[in-house]
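Examining the three-dimensional arrangement
The lines below spell out each chain.
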Amino acid sequence: LSRTPGVKEASVNFAAERTHVLYDPGAVTANDLINIIKNLGYGVASGKQILSVKGMSCAACAARLQKVLTNMDGVLSAQVNFAAEKASVEYLPSQVGYREFKEAVAGAGYEVTESEGDNAVLKEQQERDARYKDLKKRLLAGVILTAPIFLIMYGPIFCLGHIFGLNLRSLFNMPARLGFFIQFALATPVQFWIGRQFYRGAVSAARHRTTDMNTLIAVGTSAAYLYSVLATFFPSMFQIKGFNAPSVYFDTSSAIIVLILLGRTLEAKAKGQTSEAVKKLIGLKPATARVLKNGIETDIPVGDVGIGDVVIVKPGEKVPVDGVVKEGHSSVDESMISGEPMPVEKKAGDPVIGGTINKTGSFRFEALKVGRQMMLSRIIELVEQAQGTKPPIAKLADKIASYFVPTVIGVAVLTFAVWYMAGPAPAFTYAFLNFIAVLIVACPCSLGLATPTSIMVGTGKGAENGILIRGSEALETAHKLNAIVFDKTGTLTIGKPLLTAIETNGEYGNDDVLFYAASAERGSEHPLAEAILNAANDKGIRLADPAGFEAVPGRGIKAVVDGRKIIFGNPIMMRDEGIKNISGLEEMAESFGHDGKTPMLLAIDGRAAGVLAVSDAVKEHSAQAVKTLLDMGLEVILLTGDNPLAAGHIAKSVGIERVFAEVLPEDKARIIKRLQEEGKRVAMVGDGINDAPALAQSDIGIALGTGTDVAIEAAGITLISGDLRGVAAAIALSKATMNNIRQNLFWAFAYNVILIPVAAGVLFPFTGMLLNPIFAAAAMGMSSVTVVSNALRLKRFKAPV
């Protein structure tokens, strides 16, 4: 794929059985890439959709619609039957789906009248299950056919007459030639029916002048099988070698195939568990939605929900698509999206996410994002994309694997030659068995599985914890970080001003001061006014309509509330208006200012009444997140465009010592670069559009899922819930995953380094020990299972508290 003109980048994940290709559609098409894959002897998993189409009036309509569907990106083939009014579409689920087909049909002037939904994911799972069942069926057949071969060859060992009263010794002590023919009859279906996948793979590799693991298995078992066939039908051929009664190795060829098949069956079972996180996310998608149309509630497939539709969700139901609440109140369980266990309260104006579960009340919401635009769909797509990419550490294993098989074949041939020329009698037998053992024991499956299985489990575990990792490069780099840079507003802080303090001079109570201030602010559009109004609403204070409202730029406001003259603003405005009795409150306002808060003084009928302080409050878990990072040995830095006083106060409150304040958005990336020049590996954590350049410049950008799409697109890691404790969790997950990969690679390399010489017979002169090819096959299969099982240990990962 990489050598195809127009392909910029190609990555193949053996464990996930997925290929990710970055290509120029002007130079090469998806169908071209699919043909290349098929020509290499592999298949492409595709979905099939049957559409019922209304509105076609003639065969020309069917031809036109067929052309429209065929020309869609991701469509492999399309057939339209005018008589049956059906369209059958074969397509790539990663590129196109039911919703796009429906839109294309409508664009051509027709209508889809029946919807089966896009169940490509279900079909893919069914294909995996069918493949696993087929492996189990072949394995069982292989065991049934191979067991009698061993009984015939080693009959005297199985003398169980004293238990069952059967004379097995006489049963299996048959003439050698008759035993050979029976073994041949049993071993042939094992070799060519049960083991045909190895031949198919080897032939495909040979057509493209390359080799792979199938080559090793096919050559090794074929050598044992063909030698045995010749010894069975033409025994005189071997008399010239000094053998009066040639041996056969049907047991070796059959047992190797069965044991390798056992390994692949266990491997397929284990590999299915590596993508459980994605399966859980996919399982969140509801099948239907209750939509309000023309005043009537109607259940429709989720794929039919359109932007702007009003959707009704009742207690216990899943939210079908993304949108915003229009009516009602409830609490929604968003744990599978954000990792947070506590339900989130929802009221009018609040966003809801498709796939989350409504816990209590009913509500109606407007659909804003459907299909592939939904957050859940994007999360699934990004997780699968991350699972399909390869980190730099995988390149070593890939490079070795590319030279591995030819090298092993060379070692096997050399082993045969040395044993044949210098080994003990019968030299051919020793040479032959060691040749097969080297071929079988060296299968590089474990090398191919070492990295991708860990990546799949690691990124899936991240998704379960609300950590969305865009690519495996970010997963590999995160544990190397030594500096974390936080934006302030919306990252360490909530991102909107809140009323945090009220002080009075004793003439009025706190609620009275808040009543007059909020009533006066009802005519204001200033962001600080929103904080005052929200505080009054939260307390249930009924406000009055202001009269004579006047905004004084840079100072404050004037208004009349319930017949009283209200002045609400900064100390300068109070002095300009000649407000009396202000001195004590002015000192309080100055104190609030030193704490990074914005003070506003209130005067009623010319006398100071109180001071209200508004600030952007620190998020609940910010201080804990910073402490965890400091305990992990990382330097934590604050980078903000706010003034030094406010920045210093926030930094002190969360435990950060190094601060860059009054930094313009275009200069944030420059600060990150300066830190990198100091030798630091830097992660930038931000949420806004102005953070995007710094996120891109940093070694890893970490965006908050509560922030802007621009920031999320520029980041390598996204914390879906916006909880900053996810930064430490992402670093810990990176460390755990990389340790797991190193363990896998070590054992994969060690296995081959140790067992290939043993299979070649280097220990024989000293210990008389040889590695039976049957045991070599068992060891090869179990090495792959061991690697996958080790990767699955990552499922027990727990984020640092």
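Details of the structure are given in the entry above.
Residues numbered from 1 in each chain as written. Predicted model: local features only at pLDDT ≥ 70, side-chain atom pairs only at ≥ 80, totals over all residues. Heavy atoms only, no water.

**Here's the deal with the overall build of the protein**
For the protein, the helix and strand inventory stands at 30 helices and 28 strands. By residue count, 48% of the 801 residues in the protein fall in the buried class. The long-range fraction of contacts in the protein, counting pairs at least 24 apart against all pairs at least 6 apart in sequence, stands at 68%. (Helix = DSSP H or I, 4+ residues; strand = E, 2+ residues; numbered from the N terminus. Buried < 20%, exposed > 50% of the residue type's maximum accessible area, 1.4 Å probe, protein only. Contact = heavy atoms within 4.5 Å.)

**As for the nonpolar core**
Counting 48 residues, the largest nonpolar core has Phe432 and Val441 as the members making the most contacts within it. Mapped by element, the contributors of at least two residues to this core are α4 (120-153), α7 (176-194), α9 (213-233), α10 (250-274), α14 (393-422), α15 (427-441) and α28 (725-760). Filtering out sequence-adjacent residues up to four positions away, phenylalanine 432 remains in contact with Ala223, Ala224, Tyr227, Tyr249 and Phe416. Among the nonpolar cores identified, the runner-up in size contains 46 residues, and Val626, Ala683, Leu719 and Leu792 belong to it. (Core = buried A, V, L, I, M, F, W, Y, C linked by side-chain atoms within 4.5 Å.)

**A few points about α28**
A rise of 1.5 Å per residue sets the reference length of α28, with its 36 residues, at 52 Å; its end C-alpha atoms lie 53 Å apart and thus fit the reference within 8%. Backbone geometry just downstream of α28 places glycine 761 in the positive-phi region, at approximately 95°. (Expected span 1.5 Å × (residues − 1).)

**Some points on the sheet that holds strand β9 (residues 310-313)**
Strand order in the open sheet formed by six strands is β8-β7-β9-β15-β10-β13, and the pairing between neighbours is antiparallel. Of all the strands in the sheet, just β8 (296-301) and β13 (351-352) have a single pairing partner and so form its edges. Here strand β10 (residues 322-328) runs beside β13; their pairing, made up of two bridges, is antiparallel. Residue pairing for β13: glycine 323 is matched across the bridge by valine 352. (Pairing = 2+ DSSP bridges.)

**Examining the pairing of strand β7 (residues 288-293)**
Judged from the six bridges that link them, β7 and β8 form a sheet pairing that is antiparallel. Bridge pairing in β8 places lysine 293 opposite isoleucine 296. Pairing of β7 with β9 involves three bridges; the strand directions are antiparallel. Of the residues in β9, the one forming a bridge with leucine 292 is valine 310.

**Regarding a nonpolar patch on the surface**
A cluster of nonpolar side chains, Phe181, Leu230, Phe233 and Phe234, forms an exposed patch at the surface whose accessible area comes to about 340 Å². Mapped onto the secondary structure, phenylalanine 181 falls in helix α7. Take phenylalanine 181: its relative accessible area is 32%, and that puts it in the partly exposed class. (Patch = residues over 30% accessible without salt bridge, like charges linked within 9 Å, V, L, I, M, F, W, Y side chains within 5 Å. Areas by Shrake-Rupley, 256 points an atom, 1.4 Å probe, with all protein chains shown as cover. Salt bridge = Lys/Arg side-chain N within 4 Å of Asp/Glu carboxyl O.)

**Focus on the packing of helix α23 (residues 622-631) against α28**
Between α23 and α28, whose axes approach to 7 Å, the crossing angle comes to 30°. With respect to their mutual orientation, α23 and α28 come out roughly parallel. Taken together, the residues of α28 that come into contact with α23 (itself represented by Gln624, Ala625, Thr628 and Leu629) are Arg725, Val727, Ala728 and Ile731. Here the residues of the contact of α23 with α28 sort into five nonpolar, two polar and one charged. (Axes fitted to C-alpha atoms, helices over the stretch in contact; angles between N-to-C directions. Parallel < 35°, antiparallel > 145°, perpendicular 65-115°, else oblique. Nonpolar A, V, L, I, M, F, W, Y, C, P; charged D, E, K, R; others polar.)

**Some remarks on the side chain of asparagine 740**
Structurally, the position occupied by asparagine 740 is in helix α28. Residue classification places asparagine 740 among the buried residues on the basis of a relative accessible area of 3%.

**Concerning the packing of aromatic side chains**
Summed over the entire model, instances satisfying the criterion amount to 20 aromatic pairs. An angle of 85° between the planes, with centres 5.2 Å apart, marks the rings of phenylalanine 192 and tyrosine 225 as edge-to-face. One end of the pair, phenylalanine 192, is in helix α7; the other, tyrosine 225, is in helix α9, with 33 residues separating them in the sequence. On the basis of relative accessible area, phenylalanine 192 is assigned to the partly exposed category, the value being 42%. Taken together, a centroid distance of 6.1 Å and an interplanar angle of 80° make the contact between phenylalanine 416 and phenylalanine 435 edge-to-face. Of the two residues, phenylalanine 416 sits in helix α14 while phenylalanine 435 sits in helix α15, which places them 19 residues apart along the sequence. The rings of Phe181, Phe184, Phe192, Tyr199, Tyr225, Phe233 and Phe250 are connected pair by pair, giving a single aromatic cluster. (Phe/Tyr/Trp six-rings, centres within 6.5 Å; stacked < 30°, edge-to-face > 60°.)

**Here we look at the sheet that holds strand β20 (residues 556-561)**
The strand order across the open sheet built from six strands is β18-β23-β22-β21-β20-β19, with neighbouring strands paired in antiparallel fashion. For this open sheet the edge positions go to β18 (498-504) and β19 (547-552), each flanked by a neighbour on one side alone. Strand after strand, the sheet turns through a mean of 20° between neighbouring axes, direction not considered. Pairing of β18 with strand β23 (residues 607-615) involves six bridges; the strand directions are antiparallel. Looking across to β23, one finds that isoleucine 502 is bridged to leucine 612. Each of β18, β19, β20, β21 (564-569), β22 (598-604) and β23 is contacted by helix α19 (residues 510-521), which is oriented at about 105° to β20, the strand it contacts most. The strands touched by helix α22 (residues 583-594) within the sheet are β18, β22 and β23, with β23 carrying the most contacts at an inclination of about 5°.

**Here we look at the environment of aspartate 322**
Within the secondary structure, aspartate 322 sits in strand β10. C-alpha of aspartate 322 to C-alpha of threonine 356: the two residues are 34 residues apart in sequence and 9.6 Å apart in space. Once residues within four sequence positions are removed from consideration, aspartate 322 is found in contact with Val352, Ile353, Gly354, Phe365, Glu366, Ala367, Leu368, Lys369, Gln373, Met374 and Met375. In terms of polar contacts, aspartate 322 uses its side chain to reach the backbone amide nitrogen of glycine 354, at 2.7 Å. (Polar contact = N/O pair within 3.5 Å; in protein donor to acceptor, adjacent residues only side chain to side chain.)

**Structural notes on the pattern of salt bridges**
Here the structure, examined in full by the defined rule, presents 24 salt bridges. A salt bridge links arginine 290 to glutamate 297; its shortest N-O distance comes to 3.9 Å. The buried category is assigned to arginine 290, whose relative accessible area is 18%. A salt bridge links glutamate 577 to lysine 558; the shortest N-O distance between them is 2.8 Å.

**Section: helix α24 (residues 644-654)**
Along α24, the residues that are buried comprise Ala646, Ala647, Ile650, Ala651 and Val654. For α24, the arc enclosing every buried residue in end-on projection is 130°, short of the 170-degree limit, so these residues lie on one face. On its buried face, α24 is in contact with α18 (488-492), α23, β24 (635-639) and β25 (658-660). Positive backbone phi, approximately 95°, marks glycine 655, located one or two places after α24. (Arc of directions from axis to C-beta.)

**Looking at unusual backbone geometry**
One can expect most non-glycine residues to show negative phi and most peptide bonds to be in trans. Positioned with a positive phi, asparagine 581 is a non-glycine residue whose angle comes to about 60°. Mapped onto the elements, asparagine 581 comes out in the loop between α21 (571-576) and α22. A residue is classified by how much of its surface remains accessible, and asparagine 581, at 41% relative accessible area, is partly exposed. If you check the backbone angles, aspartate 605 has positive phi at about 50° while not being a glycine.

Just geometry here; none of it tells us what the structure is for.
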